[in-house]
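These are the residues of each chain, in order.
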Amino acid sequence: MTATTVDHEVSPRSGGARHYLLGAGWIRALWMSALFAAFGFGLVVLLRWWGDWQPIFKWTPIVLVSILVCAPLGFLAGLGTFDYWARYAIGSPTRVDDHSGHGATSWKDYFKVNTDHKVIGVQYLVTTIVFFILGGMLALLVRAELAKPGTQYFDPQTYNGLFSVHASLMIFLFVIPAFAGLANFAVPLMLGAADMAFPRLNALSFWLLPIAGIMMLSSFVVPGGAFACGWTGYAPLCSTHQPLGAVFFNQGVQWAGASSIMTALNFLVTIITMRAPGMTFWRMPLLVWANFTTSLLVVIATPFIAGSQFFSMFDHVMHTAFFDPGNGGYALGYQHIFWFYSHPAVYIMMLPGFGIVSEVIAVFSRKPIFGYRLMALSLMAIVVLGFSVWAHHMFVSGMAPWLRVPMMITTLLIAVPTGIKIFSWLATMWEGKLRFNTPMLFALGFLSMFVIGGLSGVMLGAVPIDIHVSDTYFIVAHIHYVLFGGSVFTIFAGMYYWFPKITGRMYNERLGKLHFWLTFVGFNLTFFPMHLVGMEGMPRRVADYAPKFASLNMFISLASFGLGMSTIVFLYNMITSWRNGPIAPSNPWRGMTLEWLVSSPPPTFNFDEIPQVVGSPYEYGVPGAQHAILAPARATEVEEVTVP
């Protein structure tokens, strides 16, 4: 029997005099963006002239085609994301083994198209942190306006734009892609793979992300201001009477959704086809299971939000009537389509965090995961049930009343697989040798905050309670306990947990714990009082409120600024530790999964030796247990000699 492995040799990067104008990079991206934008402008003007549509220079379709479609395509082409495929398409010679764009030797490589999943993971994480900060600053502006009743700084339309862009950035540009960034780095290593299945597609999927974020933020500077109808973009509220910024939202969601679908397809193929020898599905770490199920949700559900945004954009730009009841459209159809994606999207924003918490709790409890197979099966159950609960967001929308009861039942039912996970994590920690490092603190913070958010979710699943608190600050509190207390806490847990593996440095543990406690206390002081004002009837998405809510709102606003300041500690710790932190060993947490078998940071192609999986990834405390061993990378063929 022979064992072989492919020798990966990194091609030398092009040096010397480079043709800056035509070579892939930022200079070519700039002039190609302008060229494509000009082409889009001319195309729209030509078609309107040819069809005798007046006025010929109508700016809404011109901006849509020129700035929001063609210019981003030109940017991507100029940056080099399509170079390999373009050469293949026109029949030019291609180099399958060309790894000149793979790996990073300096900080400049992170600003280029890179096919190394580890570099792409870092690109995702840094980009999402930038949008997290920007989205948080918008939230602080919202809280500054709400500190007192009446108008303080912003008129109602501007206020609506602030919270709409805030929510869109946090959901589409932080939570979902931050999990993709952590998974991009960790999942191929956990599988024993050299890279993702489609490295070039992986690179393209990242570069769609800043396009979406810049598109949403730039809506503030277009005439009429930012989109101001919430991150849900309900039709017909977000229709022709809204400014051009609404179209920026439609297209921003399209670009972010395309990025998610590409990444999900890549994960599915990688997990199914590129597992190391011996890595059966029942030996996969739970983070891999979580990303497998999340990818299924993304691939199935994301096309629905793409459809809803296309229809809404057509109503806005082309004067169709998909959701215009005055012209025969079905306004509630938008909500049905949108929430058929967006409730599974809640689990897209949660399941990867479940996987991260499973890894962290097992390692820092030094115990096997309790009920490993049931944990994996509960992830699959959430995938199935996630598509059966969308209309619980629509109990007061005017939909068919008979839908309320079945949606209430499925909403309560989906709490069962989630409850399985909660009790499994508690059982894993029971009588474990707990170590309260920063990743563990954030995992425990997630556990407590997510339980509160889950309990309020069960309350909202009951029709009478939901009718009472619908569109109040009780909903704001619930969604933040689920998405901040749930998703953001797990993202921080994952960043601290894999920071030594990503950077080769150890972070400052004292600053990490300070960051946790400032975040934990600030979060609860900010969002728990919102339950109270919501139960009393304070409406959300409104720039003014009754004077009786003034005291609590001042308290919430002050606490929110404290929560925002906690991020400074995180940024300082990450930046200084990356530059000057102590050198990290290969396995600082004594983890058993495959990424801890290689150096910190890992080699360019992850494994110099072939990993052979021989057991469970969570057999902590079992004498002699191993998840995997490393076989020789270059096996020599041995001929069996038969002695006569």
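Here the structure is a predicted model, which is why all the values come from computation and not from measurement.

K.L.:
Teacher, can you tell me more about the overall build of the protein chain here?
P.N.:
On a plain count of helices and strands, the protein chain comes out with 18 helices and two strands. Compactness check: the protein chain gives a C-alpha radius of gyration of 26 Å against a globular reference of 26 Å for 644 residues, within 12% of the reference. Referenced to the eigenvectors of the C-alpha coordinate spread, the extents of the protein chain come out at roughly 90 × 65 × 50 Å. Looking at the protein chain as a whole, 56% of its 644 residues qualify as buried. Relative to all contacts within the protein chain whose residues are 6 or more apart in sequence, the contacts with residues 24 or more apart total 79%. Total accessible area on the protein chain stands at roughly 27,200 Å², and carbon and sulfur atoms take up 70% of it. Placing the 32 positive and 27 negative side-chain charges of the protein chain at their respective mean positions leaves the two points 6 Å apart.

K.L.:
Honestly, the side chain of serine 295 in this entry has me stumped. Any pointers?
P.N.:
Checked against the element boundaries, serine 295 lands in helix α8 (residues 286-317). In this structure, serine 295 is in contact with Ala264, Phe267 and Leu268, ignoring residues within four places of it in sequence.

K.L.:
Explain the confidence of the model for the protein chain to me, please; I cannot follow it from the model alone.
P.N.:
Note: predicted coordinates in regions of low pLDDT should not be interpreted at a detailed level. Overall, the prediction assigns the protein chain a mean pLDDT of 89, with 95% of residues at 70 or greater. Per-residue pLDDT stays below 50 along residues 1-14; that stretch engages in 29 contacts with residues further than four places along the chain or on separate chains. In this model residues 633-644 is a low-confidence stretch, pLDDT under 50, and it forms eight contacts with partners more than four residues away in sequence or in other chains.

K.L.:
Help me understand the packing of helix α10 (residues 351-365) against helix α13 (residues 415-429), please; the structure alone is not making it clear to me.
P.N.:
A pair of packed helices is captured by two measures, namely the crossing angle of their axes and the spacing between those axes. Closest axis-to-axis distance for the α10/α13 pair is 9 Å, and the angle between their directions is 15°. In terms of orientation, α10 and α13 fall into the roughly parallel class. Note that α10 runs across α13; the crossing there is left-handed. Judged by residue contacts, Phe354, Val357, Ser358, Ile361, Ala362 and Ser365 of α10 engage Thr418, Lys421, Trp425, Thr428 and Met429 from α13. Along the lines of polarity and charge, the residues of the contact of α10 with α13 split into six nonpolar, four polar and one charged.

K.L.:
Can you help me understand helix α16 (residues 473-503) in this one?
P.N.:
The periodicity of an α-helix, 3.6 residues per turn, causes residues three or four positions apart to be oriented the same way. Of all bends in α16, the biggest is about 40°, found at tyrosine 497, and the proline proline 500 comes one to four residues later. Backbone geometry just after α16 places glycine 504 at a positive phi near 80°.

K.L.:
Looking at this model, I keep getting lost on the side chain of histidine 336. Mind explaining?
P.N.:
Here histidine 336 lies in helix α9 (residues 331-348). There is a polar contact of 3.1 Å between the side chain of histidine 336 and the side chain of tryptophan 390. If we ignore the near neighbours within four places in the chain, the residues touching histidine 336 are Tyr330, Trp390, Met394, Met399 and Leu403.

K.L.:
In this structure, what is going on with helix α1 (residues 26-50)? I would like to understand it.
P.N.:
If you check α1, its first and last C-alpha atoms are 36 Å apart, about what 25 residues at 1.5 Å a residue would give, namely 36 Å. Considering only its buried residues, α1 is in contact with α2 (59-79) and α3 (83-89). A positive phi of about 55° marks aspartate 52, the residue just after α1.

K.L.:
Hey, could you run me through the pattern of salt bridges in this one?
P.N.:
Close approach of charged atoms lets side chains of opposite charge pair. Under the counting rule described, the total for this entry stands at four salt bridges. Between arginine 28 and aspartate 83 there is a salt bridge, with its nearest N and O atoms 2.8 Å apart. A residue pair is termed long-range when its members are at least 10 positions apart, and arginine 28 in helix α1 and aspartate 83 in helix α3 qualify at 55 residues. The exposure class of arginine 28 is buried, given its relative accessible area of 10%.

K.L.:
I would appreciate a short explanation of the environment of methionine 565 in the present structure.
P.N.:
With respect to the secondary-structure elements, methionine 565 resides in helix α18 (residues 550-580). When the C-alpha positions of methionine 565 and histidine 515 are compared, they lie 9.6 Å apart, and in sequence the two are 50 residues distant.

K.L.:
Would you take a moment to explain the packing of aromatic side chains for this structure?
P.N.:
Per the stated rule, a full pass over the model turns up 64 aromatic pairs. Judged by centre distance (5.9 Å) and plane angle (75°), the rings of tryptophan 26 and tryptophan 207 are edge-to-face. Here tryptophan 26, found in helix α1, pairs with tryptophan 207, found in helix α6 (residues 199-218); they are 181 residues apart in sequence, far enough to count as distant. Take tryptophan 26: its relative accessible area is 39%, and that puts it in the partly exposed class. Measuring from ring centre to ring centre gives 5.8 Å for tyrosine 334 and phenylalanine 338, while their planes differ by 15°; the resulting arrangement is stacked. You can see tyrosine 334 and its partner phenylalanine 338 sitting in helix α9, four residues apart, about one turn around the helix. Above the face of the tyrosine 84 ring, arginine 200 is positioned so that its terminal group lies 3.6 Å from the ring centre.

K.L.:
Which parts of the structure should I look at to understand the packing of helix α17 (residues 509-535) against α18?
P.N.:
Remark: α17 packs on α18, axes separated minimally by 8 Å, with the N-to-C direction vectors making an angle of 160°. By the criterion of interaxial angle, the relationship of α17 to α18 is roughly antiparallel. Of the two elements, α17 crosses α18, and the hand of that crossing is left-handed. Grouping the constituent residues of the contact of α17 with α18 by class yields 18 nonpolar, eight polar and no charged.

K.L.:
Sorry if this is basic, but what is going on with the nonpolar core here?
P.N.:
General note: in soluble globular proteins, nonpolar side chains tend to be found buried as a group. If you look at the biggest cluster of nonpolar residues, it comprises 180 residues, and the most contacted ones within it are Phe172, Phe174, Phe354, Trp425, Phe446 and Trp498. Among the elements that take part in this core, helix α5 (residues 156-191) stands out by supplying 24 residues, more than any other. Residues in contact with phenylalanine 354, not counting those within four places in the same chain, are Leu379, Ile382, Thr418, Lys421, Trp425, Phe446 and Phe450.

K.L.:
Is there a simple way to think about unusual backbone geometry in this case?
P.N.:
The linkage connecting glutamine 54 with the following residue, proline 55, adopts the cis geometry, with an omega of -5°. Relative to the elements of secondary structure, proline 55 occurs in the loop between α1 and α2. Of note, the bond from serine 600 into proline 601 is cis; its omega dihedral lies within 30 degrees of zero at -10°. In this fold, proline 601 is placed in the loop between α18 and β1 (610-613). With phi around 60°, histidine 319 is a residue other than glycine that occupies positive phi space. As for its position among the elements, histidine 319 is in the loop between α8 and α9. Here histidine 319 falls in the exposed class, since its relative accessible area comes to 54%. Unusually for a residue other than glycine, arginine 541 sits at a positive phi of about 60°. Position of arginine 541 among the secondary structure elements: in the loop between α17 and α18. Its relative accessible area of 28% is what places arginine 541 among the partly exposed residues.

Reading guide: rules and limits
Residues numbered from 1 in each chain as written. Predicted model: local features only at pLDDT ≥ 70, side-chain atom pairs only at ≥ 80, totals over all residues. Heavy atoms only, no water. Helix = DSSP H or I, 4+ residues; strand = E, 2+ residues; numbered from the N terminus. Rg over C-alpha atoms; globule rule 2.2 N^0.38 Å. Buried < 20%, exposed > 50% of the residue type's maximum accessible area, 1.4 Å probe, protein only. Contact = heavy atoms within 4.5 Å. Areas by Shrake-Rupley, 256 points an atom, 1.4 Å probe, with all protein chains shown as cover. Lys, Arg positive; Asp, Glu negative; His and termini not counted. Charge placed at Lys NZ, Arg CZ, Asp CG, Glu CD. pLDDT = per-residue confidence, 0-100. Axes fitted to C-alpha atoms, helices over the stretch in contact; angles between N-to-C directions. Parallel < 35°, antiparallel > 145°, perpendicular 65-115°, else oblique. Left-handed = near helix turned anticlockwise from the far one by under 90°. Nonpolar A, V, L, I, M, F, W, Y, C, P; charged D, E, K, R; others polar. Bend = angle between axes of the 7 residues up to and from the residue. Polar contact = N/O pair within 3.5 Å; in protein donor to acceptor, adjacent residues only side chain to side chain. Expected span 1.5 Å × (residues − 1). Salt bridge = Lys/Arg side-chain N within 4 Å of Asp/Glu carboxyl O. Phe/Tyr/Trp six-rings, centres within 6.5 Å; stacked < 30°, edge-to-face > 60°. Lys NZ or Arg CZ within 6 Å of the ring centre and 35° of its normal. Core = buried A, V, L, I, M, F, W, Y, C linked by side-chain atoms within 4.5 Å.

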